[in-house]
Structure formats: C-alpha cells, structure tokens
Amino acid sequence: MNIYGRNVLLTGASGGLGQAIAKELHQRGARLTLTGRRVEELEALAEQTQAQVLVADLCDPAGLEQLVEASRDCDVLIANAGMGSDVAIAEMTAQEVDRSIDVNLRGPILMATAFAQAHMERQASGQIVFIGSLSGVIATPNTRMYNATKFGLRGFSLSLREDLSSAGIGVSIVEPGFISEAGMFATSGIELPAAVRKKTPADVGRCVAKTIESNPAEAFVAPIELRLAATLGSLAPGLSSMIQRRAGTADMTDTRSNS
Ligand SMILES: NC(=O)c1ccc[n+]([C@@H]2O[C@H](COP(=O)([O-])OP(=O)(O)OC[C@H]3O[C@@H](n4cnc5c(N)ncnc54)[C@H](OP(=O)(O)O)[C@@H]3O)[C@@H](O)[C@H]2O)c1
C-alpha cells in the first residue's frame, strides 16, 4: 500500500520507537493519529508531524474503546505500544499479568479485529502492522510475560494474515532486536557485550514504512547473527537455554522500575 495521503493510527507514539515511526511516515506523506498516555510527548510530536493526538490508556476500558473505534476508520493500523519490564517472580500478581496482556496482546488484538471488521464491511483495502520483538521468537530469562505476550502476538498476526488475505487487507509483524538510542531497551540499563550489534529507532521507522508498502508476513530489524540465534532458539529451545546459561544472560537484568 502507498503511504502518501493514508490515515495511519499509531499506538505507542510517545515512546522511543513510536516517535521514529511517526517521523518516517510523516516524511512519506502519511496523515497520522498519534496515541499513548503522555500528553506532552504526544503534542510535541504532533506539532512536528502535523498529526492528531488521541490520549488513551490501553488498560482502561474507556480508553481501549476509543482506540478500537479509531481503528475502524484508519487505512493503516500500527500496533506499537508495549510494556517490557517484567517484575520478579516473587512480585508477580494477577494485576501485573493483566497489564502485560492488556497492553501487549489484548489491545492490539481488539484493535486489529475492529479494523478488519470495518474494512471487510466496506470492502476496503488496508494494512495492519504489529510491532513484535525477537522475544516473540526466542525466550530469554527475566522476560516471561514479555515473551508470553510477544509469542502470542506473533501467532495472532500470522494467522490473521491468512484469514484476511482474500479480503485485500495486509497483516505484518515487525520484529526488532536490541534497539539503541531510544526506547525500552535503551532506557533499561541492560549492558550487553560490545560484540552484540544493535539497530536504531530510525531503522525501525524505515522497516515499518517498507512493511506498509510491501506487506511481508514478518520483517526483522536485527543483525543476521541475532536472527539466526532467534531461529535456533525457536527450533531447539533446550540447546538455546543451555547456551544462554553459559553466556550468563540471566544476569542481564532490567534496572528500571516497572511502568
Ligand atoms: N526498544 C527496543 O529495543 C524494542 C525491541 C523489540 C521490540 N520492541 C517493541 O517496540 C514497541 C515500542 O517500544 P519502545 O521501545 O518504543 O518502548 P517505550 O519507549 O517504552 O514506549 C512504549 C510505548 O507504549 C505506550 N504504552 C505503554 N503502556 C501503555 C498503556 N497502558 N496504554 C497506552 N499506551 C501505552 C507508551 O505510551 P505512554 O508512555 O505515553 O503511556 C509508549 O508510547 C513495543 O511493542 C516493544 O515491545 C522494542
């Protein structure tokens, strides 16, 4: 789908990757609606990208309903909002579990469903882009809810793509690896070995634009060695877990408080 002149609804626009995606799509002539919870960030970005702002919390039923309604009217839905930091097992509560599922899985599923229903009714074409993660392909220590929700999002995306293929509605998932400069990994305080290569938010923005234009099933924003490691992790989880233990990945913990 061409991006120029299209109405794009972008969740998580106030975050590190959302800002880069918004700037890339604005440069390509998209008409953006930016959503998230932080009003100041959204309004500042909206001024730069001539966008509309929709402030809504995916964990709040009224906020979710607004986002579901807005999903019916756009040409391109980008479900980018996400929360990454898992609490320690001892602190896990039903509320924490619900929050992860609401933001990373339930919200994107309900928005995409409304998008699909409205477009099928109107016999209109459209494009859904989910922002997943390599954590939807390979499991790592300390990220159990993030893994659970991103694995789920990947399954939903790949299946929905098949269901909508004859309706002219594209569905893709973009899987970033470690992203430097801005976003949840950059602000996590996690130190990786120097040899681990990272991509930038601008790389994610360009990948999302290309994804809207070409509708791949899945697109990765990660260096080849990380993609191979993720593929190995999905094919042979036992071997992957042994390698990760030897590499000490369990010690690379997120130093942020959960938000
Ligand atoms: N950064 C990375 O290295 C990386 C790697 C792989 C995948 N990803 C994925 O990329 C996406 C964007 O991540 P990011 O790095 O940009 O993270 P981020 O900087 O932490 O931004 C997260 C975004 O999600 C929104 N959000 C969180 N909880 C919300 C809620 N309850 N209701 C509405 N919006 C909510 C935030 O909005 P407010 O703050 O305004 O509430 C913010 O805009 C996520 O899906 C993430 O899983 C990121």
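A brief look at the structure comes next. Per chain, the residues get numbers from 1 upward, laid out in the order the sequence is written. In view of the model being predicted, local features appear only for residues whose pLDDT reaches at least 70, and side-chain atom pairs are presented and counted only at 80 or more, with totals across whole chains, interfaces and linings using the full set of residues.

Describing the overall build of the protein
So, point 1. Segments assigned H or I by DSSP are reported as helices when at least four residues long, segments assigned E as strands when at least two residues long, and all are numbered from the N terminus. Scanning the protein for helices and strands turns up eight helices and seven strands.
So, point 2. Radius of gyration here is computed from C-alpha atoms only, and the compact-globule reference equals 2.2 Å multiplied by the residue count raised to the power 0.38. For the protein, whose C-alpha radius of gyration is 18 Å, the value lies close to the compact-globule estimate of 18 Å for 259 residues.
So, point 3. C-alpha extents for the protein along the principal axes are approximately 55 × 40 × 35 Å.
So, point 4. To sort residues by burial, count the other C-beta atoms lying within 10 Å of each one's C-beta; a count of 20 or more means buried, 12 or fewer means exposed, and anything in between means partly exposed. C-beta atoms are built from the backbone. Burial statistics for the protein: of 259 residues in total, 42% are counted as buried.

Some details on the pairing of strand E6 (residues 169–176)
So, point 1. Of all eight residues that make up E6, eight are buried, and the element is covered over most of its length.
So, point 2. Because side chains alternate across E6, one face comprises the buried residues Ile169, Val171, Ile173 and Glu175, and the other comprises Gly170, Ser172, Val174 and Pro176, equally buried.
So, point 3. A crossover connection joins strand E5 (residues 126–131) to the parallel E6 through helix H5 (residues 144–164); in handedness this β-α-β unit is right-handed.
So, point 4. Only strands that DSSP links by at least two bridges are regarded as paired with each other. Pairing of E6 with strand E7 (residues 218–221), which is carried by four bridges, proceeds in the parallel orientation. Bridge pairing links Ile173 to Glu218 in E7. Orient the strands so they point away from the viewer; a crossover is then right-handed if the path from the first strand over the helix to the second runs clockwise.

Let's talk about the pairing of strand E2 (residues 31–36)
So, point 1. With five of six residues buried, E2 is to be regarded as a mostly interior element.
So, point 2. Across four bridges, the pairing between strand E1 (residues 7–10) and E2 is parallel. When the sheet's bridge partners are listed, Leu10 is paired in E2 with Leu34.
So, point 3. Between the parallel pair E1 and E2, the chain is carried across by helix H1 (residues 16–27), and the sense of this crossover is right-handed.
So, point 4. Relative to strand E3 (residues 52–55), E2 runs parallel, the two sharing four bridges. Each bridged residue has a counterpart across the sheet, and for Gly36 the counterpart in E3 is Val55.
So, point 5. What joins E2 to E3 is helix H2 (residues 39–49), and the crossover it makes is right-handed.

Quick look at the site of the ligand
So, point 1. Each residue gets a C-beta atom placed from its backbone. Should that atom fall within 6 Å of a molecule or strand, the residue is termed near it. Taken together, 27 residues surround the ligand, and among them Gly15, Arg37, Gly82, Gly183 and Phe185 come closest.
So, point 2. Considering every element that reaches the shell around the ligand, the biggest residue donor is H1, with three residues.
So, point 3. Gly is put with the polar residues, along with every residue not named as nonpolar or charged; the nonpolar set is Ala, Val, Leu, Ile, Met, Phe, Trp, Tyr, Cys and Pro, and the charged set is Asp, Glu, Lys and Arg. Among the residues forming the shell around the ligand, the class breakdown is 13 nonpolar, eleven polar and three charged.

What to know about the sheet that holds E3
Across a sheet, strands are paired by hydrogen bonds formed along the backbone, either parallel or antiparallel in direction.
So, point 1. Strand order in the open sheet formed by seven strands is E3-E2-E1-E4-E5-E6-E7, with parallel pairing between adjacent strands. The open sheet has two edge strands with one neighbour each: E3 and E7. Within the sheet, the average angular offset between the axes of one strand and its neighbour, ignoring direction, is 15 degrees.
So, point 2. Bridge count for E1 against strand E4 (residues 76–79) is three bridges, and the pairing is parallel. When the sheet's bridge partners are listed, Leu10 is paired in E4 with Ile78. Axes, fitted as lines to C-alpha atoms, cover a helix only where it is in contact. Angles between the N-to-C directions of the axes lie from 0 to 180 degrees.

Side note on the environment of Glu40
So, point 1. Its location among the elements puts Glu40 in helix H2.
So, point 2. The class of Glu40 is exposed, set by 8 C-beta atoms lying within 10 Å.
So, point 3. Each C-alpha atom of the pair Glu40 and Met111 lies 24 Å from the other, and the pair is 71 residues apart in sequence.

Purely geometric stuff here, so don't read any function into it on its own.
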